[in-house]
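So the chains spell out like this:
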Amino acid sequence: MLTSKSKKYETLIPHHFQEESMHHPQHNIFGSKGLILFAATLCTLALFAATSALAAPIKLSNQFPPQHHVSKGLQVFADKVKECSKGEMEVRIFDSSSLFRDAEIVKAIRNGSTEIGLVPVNKWSGILPAVDIFEVPFTFANLQSLEQFLNAGAAPIFDEAFAKYGTKVLFWVDYGYVQFFNNKRPLKSPADFSGLTMRAFSAGDAEILKALGAAPTIISSSELYMALQRGTIDGTTTGMPAAVARKVTEVQKYMTLSNYSTAEFLVQANQKWWNGLSSEQQEILNKASRDAEAFIRQEVAKAEDEALAAIKAAGLEVHELTSEERQAFVGATAALRESYLKKSGELGEKLMPIADKLPK
């Protein structure tokens, strides 16, 4: 009798040979010699199939250019996968949105067009509004807060939520904080924003500026320098490394170190593809994910420190909010927190208490 596995390969045996075997037992392929030969054939086919699957590179879509520190972290991931699998697994990174743009990546991962992708977490906000917790102003105090938040129970909550939409979280990618820059005066309290026209990078960021008393306007990063130089706007919100790279330091006098908002990313895999991997392959990817996540966190902290030093060296007056000053900003933007809780539903109600327990 054929086993269930041997039935799978029954079509590989010529039909006339199957009939002859039934009438001539001495030629039956399932006799002693025939059985050994057939079993060897099955093993060869199975080995070939497994080898072919491992030989196919795993696609990883990345929106950043290869020289970006996030891209370097993704390369650490790819290198670790190759190392831990002894070359049997390969991750091929497609940098600079050469595979999918950030607006396309969630759909691409969910439908399996790519096995893995780097995802700006806010690209999930239309499906899971609770992910916008990273943009709720003054929720996280420093870079360590993000890791603490995930480790304190937020990560499994997100894992379960994303799994319902066919995706598996491999690791989180911290990016750094957004700060306030302007040309008029040090911004030490919400009252200092009154009368300022400031560039916002998104609609959510504009709501924060409006709550603080500034007049927000959304300007693209390519137009930012000229707008600041000409005095079209008084200030801007941006991250410190971006401020240095875009030479904002040449056309601004003050920066408030507030860590009021952060951009967060994550690396996700297609759930169905993940489930099809062996436990050994999954563990290799998990190990590589842990190493890459730690590397990127180190690089982000390094980039933030270097950018802060460059901003001070450029002559900007830097004011870091005290605990008391920060609480005044928290109070001024409290309505945005309430708005988040209303739109994020049960998931937000689980996440916000975790964030509230973090050191401020």
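Residues numbered from 1 in each chain as written. Predicted model: local features only at pLDDT ≥ 70, side-chain atom pairs only at ≥ 80, totals over all residues. Heavy atoms only, no water.

### Things to note about the pairing of strand β7 (residues 235–239)
Here comes step 1: Within β7, five of the five residues are buried, which leaves the element mostly enclosed by the surrounding structure.
Here comes step 2: In terms of strand pairing, strand β4 (residues 167–182) meets β7 through five bridges, oriented antiparallel. Paired with phenylalanine 181 across the bridge in β7 is threonine 236. (Buried < 20%, exposed > 50% of the residue type's maximum accessible area, 1.4 Å probe, protein only. Helix = DSSP H or I, 4+ residues; strand = E, 2+ residues; numbered from the N terminus. Pairing = 2+ DSSP bridges.)

### Here we look at helix α11 (residues 279–313)
Here comes step 1: Here α11 is 35 residues long and its end C-alpha atoms lie 51 Å apart, about the 51 Å a rise of 1.5 Å per residue gives.
Here comes step 2: With its phi angle positive at about 100°, glycine 315 sits one or two positions after the end of α11. (Expected span 1.5 Å × (residues − 1).)

### A few points about the side chain of glutamate 304
Here comes step 1: Along the polypeptide, glutamate 304 turns up in helix α11.
Here comes step 2: Although glutamate 304 lies buried, it forms no salt bridge, and the closest oppositely charged side chain, arginine 326, sits 12 Å away as judged by the N-O distance.
Here comes step 3: Those residues in contact with glutamate 304, other than ones at most four positions away along the chain, are Leu143, Gly176, Tyr177, Met240 and Pro241. (Lys, Arg positive; Asp, Glu negative; His and termini not counted. Salt bridge = Lys/Arg side-chain N within 4 Å of Asp/Glu carboxyl O. Contact = heavy atoms within 4.5 Å.)

### Points about the environment of threonine 333
Here comes step 1: In this structure, threonine 333 sits in the loop between α12 (323–332) and α13 (334–356).
Here comes step 2: In sequence terms threonine 333 and valine 136 are 197 residues apart; their C-alpha atoms lie 8.9 Å from each other.
Here comes step 3: When neighbours within four sequence positions are excluded, threonine 333 is seen to be in contact with Pro137, Phe138, Ile208, Ala211 and Leu212.

### Here's the deal with the pattern of salt bridges
Here comes step 1: Under the defined criterion, the tally for this structure stands at 13 salt bridges.
Here comes step 2: Put simply, arginine 297 and glutamate 293 hold a salt bridge, and the shortest N to O gap is 3.4 Å. Of the two residues, arginine 297 and glutamate 293 are both situated in helix α11; the distance of four residues between them amounts to about one turn of the helix. In this structure, arginine 297 and glutamate 293 share a single accessibility class: buried.
Here comes step 3: As a salt-bridge pair, lysine 350 and glutamate 346 come within 3.8 Å of each other at their nearest N and O atoms. With a gap of four residues between them, lysine 350 and glutamate 346 both fall in helix α13, about one helical turn apart.
Here comes step 4: Taking relative accessible area as the criterion, lysine 350 reaches 41% and is therefore assigned partly exposed.
Here comes step 5: By sharing partners, the salt bridges in this structure join Lys80, Glu83, Lys287 and Asp291 into a single network.

### Some words on the packing of helix α6 (residues 143–163) against α11
Here comes step 1: At a closest axis distance of 10 Å, the pairing of α6 and α11 adopts a crossing angle of 155°. For the element pair α6 / α11, the angle class is roughly antiparallel. Between α6 and α11, the residues in contact are Leu143, Glu147 and Leu150 and Arg297, Val300, Ala301 and Glu304, respectively.
Here comes step 2: Broken down by class, the residue content of the contact of α6 with α11 amounts to four nonpolar, no polar and three charged. (Axes fitted to C-alpha atoms, helices over the stretch in contact; angles between N-to-C directions. Parallel < 35°, antiparallel > 145°, perpendicular 65-115°, else oblique. Nonpolar A, V, L, I, M, F, W, Y, C, P; charged D, E, K, R; others polar.)

### Quick notes on the packing of aromatic side chains
Here comes step 1: Summed over all chains, the structure comprises 19 aromatic pairs.
Here comes step 2: Aromatic side chains phenylalanine 134 and phenylalanine 158 sit 6.0 Å apart centroid to centroid with 20° between the ring planes, which places their arrangement in the stacked category. Remark: phenylalanine 158 occurs in helix α6 and phenylalanine 134 occurs in the loop between β3 (116–120) and α6; sequence separation between them is 24 residues. Assigned by exposure class, phenylalanine 134 and phenylalanine 158 land together as buried.
Here comes step 3: Through a chain of ring-to-ring contacts, three or more aromatic side chains come together here, namely Trp124, Phe134, Phe140, Phe149, Phe158, Phe162, Tyr165 and Trp172. (Phe/Tyr/Trp six-rings, centres within 6.5 Å; stacked < 30°, edge-to-face > 60°.)

### Looking at the layout of surface pockets
Here comes step 1: For the largest pocket, the calculated volume is near 1100 Å³.
Here comes step 2: Lining the largest pocket are 39 residues, with Phe64, Tyr175, Ala242, Arg246 and Ala263 sitting closest to its centre.
Here comes step 3: Listed by contribution, the elements that provide at least two residues to the lining of the largest pocket are β4, β5 (197–200), β7, α9 (240–245), β8 (254–270) and α11.
Here comes step 4: Here the residues of the lining of the largest pocket sort into 16 nonpolar, 13 polar and 10 charged.
Here comes step 5: In this structure, the second largest pocket spans a volume of roughly 390 Å³.
Here comes step 6: Taken together, 20 residues form the lining of the second largest pocket, with Ala141, Asn142, Leu257, Asn259 and Glu320 sitting closest to its centre.
Here comes step 7: Contributions of two or more residues to the lining of the second largest pocket are made by α6, β4, β8, α11 and α12. (1 Å grid on protein atoms, 1.4 Å probe; cavity = no way out; pocket = protein on both sides within 12 Å on 5 of 7 lines; lining within 4 Å. Points joined across faces, edges and corners; volume = space filled by probe spheres on them.)

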